[in-house]
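# Remarks on the overall topology
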Amino acid sequence: MATSTEWNSADMTVPCATGIDTGFVTLGYAKVAVLGVVQGITELLPISSTAHMRVVPALLGWRDPGSAFSAAMQLAALAAVMSYFWQDVRRLAVGSGSAIRQRRFNDPELRLAIWIALATVPITLAGILLSGILNTCGSPLRALLVIGWACIAMAVLMALAEILARHRRSVENASLVDALLVGLAQVGALIPGVSRSGSTLTAALALGFRREEAPRFSFLLGIPAIALAGSKELWELHKANLDMHGWSILALGLIVASISAFVAIWALMRILERFSAWPFVVYRGLLGILLLVASSKGWLI
């Protein structure tokens, strides 16, 4: 008779056997590497990684890699954000530590660090409350209709932010209210199709931040949430007894996604500096319409 550990390890070859969607394991190294590129690019561009991780595998005739894969891949986004904005991250960490030691509680770096921590509270609480349906097998939130409507809704909101807001502010003059509002916008990212980058970037643009400052503010505020979400999913996969083969496939996806995510940040900053968010508005709107049509026609399941 197989031991409990042997049984659980064997179960991991069957997606959803443990309640955690581990479909990515059945895809193998090459397909996960391809999806790692897709995930890395779309995770940090405001175009919804979840939408693309549902569409691309379906178009290629592959199975859905699962929400656990997408959640764990957030650690690749974290690596890219930390690398690209390293000077900002280092200044916040060193400046905050120095301010605490010297009891300079009005220090701007310490103040921003505290605001980032407070802005992480809403999505942390929401993630805990919704954990039962977010990354489970067959989650209704991953339905194409949900993702399609979310893409369209965010396209409309981003368009309004571009039209109505006056893009003049910088991160240096951000307030606690700004941080909390962008933090609340992160909660929307729990709905597949909204996109963490999309919701926080839209909120920052709506608050009047300059186009090159909005992603900087949203990414810095998102660091703790991204780290918590990715780490939590790794722990869930550990509890589900993912075997070494599964971990190695996931590791390859993380490496590939990290590189592509760094390129995505660079591209996002160039587009916003030289143009506006309109290319993403149009793309999201068309993608949402495509998903709704594909769902109604039965082209994608």
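Scope of this entry: the structure provided in the associated data block. (Residues numbered from 1 in each chain as written. Predicted model: local features only at pLDDT ≥ 70, side-chain atom pairs only at ≥ 80, totals over all residues. Heavy atoms only, no water.)

### Side note on the pattern of salt bridges
Scanning all chains against the criterion turns up 12 salt bridges. Here R91 makes a salt bridge to D88, at a shortest N to O gap of 2.9 Å. Residue R91 and its partner D88 are located together in helix α6 (residues 86-101), separated by 3 residues, close to a single helical turn. D88 sits in the buried class, given a relative accessible area of 11%. Of the charged contacts in the structure, one is a salt bridge between R216 and D88, with a shortest N-O distance of 3.0 Å. Placement of the pair is R216 in helix α12 (residues 214-239) and D88 in helix α6, with a sequence separation of 128 residues. (Salt bridge = Lys/Arg side-chain N within 4 Å of Asp/Glu carboxyl O. Helix = DSSP H or I, 4+ residues; strand = E, 2+ residues; numbered from the N terminus. Buried < 20%, exposed > 50% of the residue type's maximum accessible area, 1.4 Å probe, protein only.)

### Here we look at the packing of helix α11 (residues 196-206) against α12
It is at 9 Å that the axes of α11 and α12 come closest, and there the two elements cross at 140°. The two elements α11 and α12 cross, and the hand of that crossing is right-handed. Residues R196, S197, T200, L201, A204 and L205 of α11 lie in contact with α12, whose contacting residues are A214, P215, F217, S218, F219, A225, I226 and A229. Looking at the contact of α11 with α12 residue by residue, the classes come out as 10 nonpolar, 3 polar and 1 charged. (Axes fitted to C-alpha atoms, helices over the stretch in contact; angles between N-to-C directions. Left-handed = near helix turned anticlockwise from the far one by under 90°. Contact = heavy atoms within 4.5 Å. Nonpolar A, V, L, I, M, F, W, Y, C, P; charged D, E, K, R; others polar.)

### Overview of unusual backbone geometry
Leave glycine aside and you will find that most residues have negative phi; peptide bonds, for their part, are mostly trans. Despite not being glycine, S195 has its phi angle at roughly 85°, a positive value. The buried category is assigned to S195, whose relative accessible area is 8%. In this model, N241 sits at a positive phi of 60°, which is unusual for a non-glycine residue. Among the secondary structure elements, N241 is positioned in the loop between α12 and α13 (244-274).

### Examining α11
The buried fraction of α11 is high, at 10 of 11 residues. Residues R196, S197, G198, S199, T200, L201, T202, A203, A204 and L205 constitute the buried set of α11. Looking one or two places after α11, you find G208, whose phi comes out positive at around 95°.

### Examining the environment of G127
Relative to the helices and strands, G127 resides in helix α7 (residues 108-129). Between the alpha carbons of G127 and F217 there is a distance of 22 Å; along the sequence they are 90 residues apart.

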